[in-house]
Structure formats: structure tokens, C-alpha cells
Amino acid sequence: MSFSISAIPDIHFGEGALSGLPAAVKSFDCVSTVLLVIDAFLAQSGLAAKVSAELAEAGVKTQVFSDFAGEPKLAHLHGAIAAGQGADMVIGIGGGSALDIGKIVACCIASGEDPMHYALAANPLPKNPLKKIMIPTTAGTGSETSATNIFAGPEGKKLWIWGPETKADLVILDPTLTKTLPASLTAWCGLDAFIHAFEAATNRNTHLGAQFYAHQALRLLAGALETTVKQPDDMAARGDVLLGSCFGGIAIDNCGTAIAHNISHALAGLGPVHHGLATALGFEVTLPWLVEADTADLNAAAKACGLESAADLPAFVSDWMDRCGIVRALPAAFKPFDETDLAREMRATENQPMRRSTIRDVTDADIDRFAAAVMALPKGI
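Model, not experiment: these values are computed from the prediction.

J.: Just give me the short version of the overall build of the protein, but keep the residues and values in it.
T.: Counting its regular elements, the protein contains 15 helices and eight strands. Taken against the 2.2 N^0.38 rule, which gives 21 Å for 381 residues, the C-alpha radius of gyration of the protein at 20 Å falls within 12% of a compact globule. Within the span of the protein, comprising 381 residues, buried residues form 59% of the whole. Across the protein, contacts joining residues at least 24 apart in sequence account for 81% of those joining residues at least 6 apart.

Right, here's the structure in full:
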């Protein structure tokens, strides 16, 4: 086997690590103005003002963009680009949306191009993007270490911008920043991180380099997520989940995902749904079929979770989801849609890489069956 491991940003981890942000910014040459892309509720909590004040004391001006909600849309990117004119650096604080927006606009501000110029690899990214510091406050997406960035295009379809130029220059992991995340979001994000690690460790693209991170992510998440959901003040567990999410992000940056993400991206093409929930629902539906492949990689992933074999995974995952309080249901926005609609989205061009990377061949009949199972779930959460 031969493989390469993509570049991993510098990572600073620890309780209170955010306090080192001003010094980190000053460690980069010639940074006088930063664009802070931050989730709206974090900005309203006073965190944006606190960060801005601390950076001002270090002689750095802050321009804030927080006018976004849900998954990134083209309009959000345009707003962030406008807010960031004149900035030398982008700092993203928040969930995957804040981080993806920050990484994309760091390229667009540097080049002057519209995000659509880079969508689906239509054109090369600029070689000298603005410097980027990414600070996740949810433990799920792994966007802080990834070269993949997702947003909804002008027609609402999920698009991606990929390239090492979008990667962070520095990642700050501070588990105290995840403490206010509600239990349901903690569970949804944690399952997303787990599935990132699992799919990267078991799909057609997997290799030993990525599995080093993926297996450790599986151990951390399987061991700590339930505690984090039920005991939100347990900082050791929160730290394990945050590290697991980061390591899962490194794994998918190298090997990508598979069928569960094909389903979650397809669901997002139909209506608004939290990515972590959508991925967990798709994972539970497809896992019994997937483990029938009984590959060495599937069994190694199962062992990383503390199980005897891949055959134990479906029952383990379903029981784990129960214990973490994950309700198997879709939002009310999905009531107008049926399995035909979801199957169509699963077959869409932009979702084929995830279909092809799955360790088992995903036939059209498989897609129809999975779509029917997902769309048979209750709608109205």
C-alpha cells in the first residue's frame, strides 16, 4: 500500500486555550485587521466583544460578521466577504458553518473572486489566501482541519469548495467553548464526528495513515459522548469528544466519507435538517447492510469501539443513539417529500463521490431501499 497524508494545521488544545488567541494572531507577520466570523448566538453572548477587546489590546482591529444561521448559503459568503474587506486574517469561531464561511472567504477576499468561481473545483484557488485561525465550538464537523467546505448555491443545492488553500493555519481547541451546546446538539454533532471517523476508516479510500486518526477518534467518541450528553460539566469528556471530532476531520480530509453522508447531503437538498442528525439517521439505516461486507477495515473499526467484530456494530450504534437521546425523526419540512425525492437526490451528481467510495457497491435498488427507510421515519420534530 502507498498513501500520502495531507497537511495538518498546527493545533493548540486545552481548557482555556482561547486565551492564547491574541498572542497567536501576533505570531503571524503583519496582521493589523482580522475578520471574525462567529455564530450569532456566540456574538450575542458577548464572546465577539470579548475577543475584539482582547485583540484591540494587542493592537489588532476586528471586523465582525455574524449574520448567518444554519448551513452556509451563498448570501452568507457574500456578506462575510463584504464585512472582511481590508482584513489580513480570518478567525472563525463556532460550528462548521462559521468555520466553512471563514475558510472560503479567506480565499475570496484575497483573490477578489466570487465563491461560485471556485465551486465544484471550477477554477484553482488562490495560492496566497488570508491567514486563518479556526476555533470550533461544536464537536462534530471537523471542519477546522479539513480542506472541504460546504455551502448552498444560488438554487439551494449543496456545493463544495475543496483545496489545501482553504485549510486553517492554526486550530485552537478549547473544550470550555462547547459547554453551552444543548444535549441534543451535542449528540447530533458527536454522532457526525463518529461517522466521519468510521467512514474514513472503512471506505474504499482508507489507508493506514488516516486510520491512525480515525481509530483514535472512534475510541474517544465511543468512550465519552454519552457522558458529555448527560454530564455537560465533565470537561474531560468534552475534551475527548472535541479531540475525537478534530481527529475525525483529519481522517475525512484524507479519505472522505461514504453512504451515510450521501444520504445526509441528499436530505439537505430537500429541506433544512441538522447535518449531524441527518447523517446519524442515514448511518443507522445503512449500517446492517454495510457490515455484511465483513472487511478487515470494518472489523478494525469495530475493535476501536471496543467491540468483538463488525457484526456487533448495528446493535451497538442503535443502543448508543438511544442512550444519547437521539430521536429518529425528520423535521416537519420533509412532509411534502417521499422516498422518490430522496432517491433522486442520492443519485445527484454532487453526491456520487460518497456513493462510489462506499466499500460495498451501492446499486440503484439499494438507494431506493435506503431512501424508503429514511423517509418512512416520522416527520415533525
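So that's the structure; there's more coming.
J.: Tell me about the sheet that holds strand S4 (residues 89-94), and please be specific about residues and values.
T.: Here we have six strands laid out as an open sheet, ordered S1-S8-S5-S4-S2-S3, and parallel in their pairing. Across the chains shown, the open sheet's two edge strands, defined by having one partner strand only, are strand S1 (10-13) and strand S3 (61-65). This sheet shows a mean twist of 20° between the axes of neighbouring strands, independent of strand direction. Seen against the sheet, helix H3 (residues 47-57) touches strand S2 (33-38), S3 and S4 and runs at an angle of roughly 165° to S2. Against the sheet, helix H5 (residues 96-111) contacts S2, S4 and strand S5 (131-136), and its axis sits at roughly 170° relative to S4.

J.: Hey, could you go over the UniProt feature "domain: Alcohol dehydrogenase iron-type/glycerol dehydrogenase GldA" (unreviewed entry) in the protein for me, with residue numbers and the actual values?
T.: In this structure's numbering, the residues bearing the UniProt feature "domain: Alcohol dehydrogenase iron-type/glycerol dehydrogenase GldA" (unreviewed entry) are residues 10-175. Its end C-alpha atoms 17 Å apart, residues 10-175 is made of 29% helix and 25% strand.

J.: I'd like a description of the pattern of salt bridges, backed by residues and values.
T.: What the rule picks out here adds up to 20 salt bridges. The salt bridge partner of Asp319 is Arg323, with a shortest N-O separation of 2.3 Å. Highlighted residues: Asp319 and Arg323, both in helix H12 (residues 313-323), separated by four residues, approximately one helical turn. The residue Asp322 makes a salt bridge to Arg328 at a minimum N-O spacing of 2.7 Å. Salt bridges here are not isolated pairs; linked through shared partners, they connect Lys157, Asp341, Arg344 and Glu345.

J.: Provide a residue-level description of the UniProt feature "domain: Fe-containing alcohol dehydrogenase-like C-terminal" (unreviewed entry) in the protein, including the pertinent values.
T.: Per the UniProt record, the feature "domain: Fe-containing alcohol dehydrogenase-like C-terminal" (unreviewed entry) sits at residues 186-307. Between the end C-alpha atoms of residues 186-307 there is a gap of 23 Å, over a span that is 80% helix and 0% strand.

J.: Break down the nonpolar core for me, with residues and values.
T.: If you look at soluble globular proteins, the nonpolar side chains tend to sit buried side by side. Val105, Phe194, Phe198, Leu267, Leu342 and Met346 are the most contacted members of the largest nonpolar core, which totals 103 residues. What Leu342 contacts, discounting residues up to four positions off in sequence, is Ile263, Ala266, Leu267, Leu270, Ala371, Val374 and Met375.

J.: Describe a nonpolar patch on the surface, listing the residues and the values that go with them.
T.: Judged by side-chain polarity, Met1, Phe3, Ile5, Ile8, Ile11, Phe13 and Leu208 come together as a nonpolar surface patch covering roughly 690 Å² of accessible area. As for its placement among the helices and strands, Leu208 is situated in helix H7 (residues 208-230). With a relative accessible area of 58%, Leu208 lands in the exposed category.

J.: Please give an account of the packing of helix H9 (residues 259-270) against helix H13 (residues 339-346) that cites residues and values.
T.: Two elements in contact, H9 and H13, have axes separated by 8 Å at closest approach and are oriented at 115°. Relative to H13, H9 is oriented so that their crossing is right-handed. Between H9 and H13, the contacting residues are Ile259, Asn262, Ile263, Ala266, Leu267, Gly269 and Leu270 on the first element and Asp341, Leu342, Arg344, Glu345 and Met346 on the second. For the contact of H9 with H13, the class distribution of residues is seven nonpolar, two polar and three charged.

J.: Which residues make up the pairing of S2, and what values do they have?
T.: It is a general feature of regular strands that their side chains alternate between the two faces of the sheet. S2 sits mainly inside the fold: six of its six residues count as buried. Residues Thr33, Leu35 and Val37 of S2 are buried on one face, and the alternating residues Val34, Leu36 and Ile38, pointing to the opposite face, are buried as well. Sheet topology places S2 next to S3; five bridges connect them, and they run parallel. Across the sheet, the residue bridging to Val34 is Thr62, located in S3. Sheet topology note: the S2/S4 ladder contains five bridges and is parallel. For Val34, the partnering residue across the bridge sits in S4 and is Met89.

J.: An account of the side chain of Ser357 is requested, with residue identities and associated values reported.
T.: Position of Ser357 relative to the elements: it lies in helix H14 (residues 352-357). Setting aside residues up to four positions removed in sequence, Ser357 forms contacts with Asn203, Arg204, Asn205, Thr257 and Ala258.

J.: So, the environment of Pro182: which residues are in play, and what are the values?
T.: Mapping Pro182 onto the fold places it in the loop between strand S8 (170-173) and helix H6 (183-202). A C-alpha to C-alpha distance of 8.7 Å links Pro182 and Pro232, two positions 50 residues apart in sequence.

J.: Got a sec to walk through the packing of helix H10 (residues 275-290) against helix H15 (residues 364-375)? Specific residues and values, please.
T.: Taken N-terminus to C-terminus, the directions of H10 and H15 make an angle of 140°; their axes are 9 Å apart at the nearest point. When the axis of H10 is compared with that of H15, the two are oblique. Seen from above, H10 lies across H15 with right-handed handedness. Mapping the contact onto sequence places Val285, Thr286 and Trp289 in H10 and Asp366, Arg369, Phe370, Ala373 and Val374 in H15. The residue makeup of the contact of H10 with H15, split by class, is five nonpolar, one polar and two charged.

J.: If you had to explain H9 to someone new, which residues and values would you point to?
T.: Taking 1.5 Å as the rise per residue, H9 with twelve residues should run 16 Å; its terminal C-alpha atoms sit 17 Å apart, in good agreement. Where burial is concerned, most of H9 is hidden: eleven out of the twelve residues are buried. Burial in H9 covers these residues: Ile259, Ala260, His261, Asn262, Ile263, Ser264, His265, Ala266, Leu267, Ala268 and Leu270.

The rules behind the values
Residues numbered from 1 in each chain as written. Predicted model: local features only at pLDDT ≥ 70, side-chain atom pairs only at ≥ 80, totals over all residues. Heavy atoms only, no water. Helix = DSSP H or I, 4+ residues; strand = E, 2+ residues; numbered from the N terminus. Rg over C-alpha atoms; globule rule 2.2 N^0.38 Å. Buried < 20%, exposed > 50% of the residue type's maximum accessible area, 1.4 Å probe, protein only. Contact = heavy atoms within 4.5 Å. Pairing = 2+ DSSP bridges. Axes fitted to C-alpha atoms, helices over the stretch in contact; angles between N-to-C directions. UniProt positions renumbered as here; feature names shortened; annotations may be inferred. Salt bridge = Lys/Arg side-chain N within 4 Å of Asp/Glu carboxyl O. Core = buried A, V, L, I, M, F, W, Y, C linked by side-chain atoms within 4.5 Å. Patch = residues over 30% accessible without salt bridge, like charges linked within 9 Å, V, L, I, M, F, W, Y side chains within 5 Å. Areas by Shrake-Rupley, 256 points an atom, 1.4 Å probe, with all protein chains shown as cover. Left-handed = near helix turned anticlockwise from the far one by under 90°. Nonpolar A, V, L, I, M, F, W, Y, C, P; charged D, E, K, R; others polar. Parallel < 35°, antiparallel > 145°, perpendicular 65-115°, else oblique. Expected span 1.5 Å × (residues − 1).

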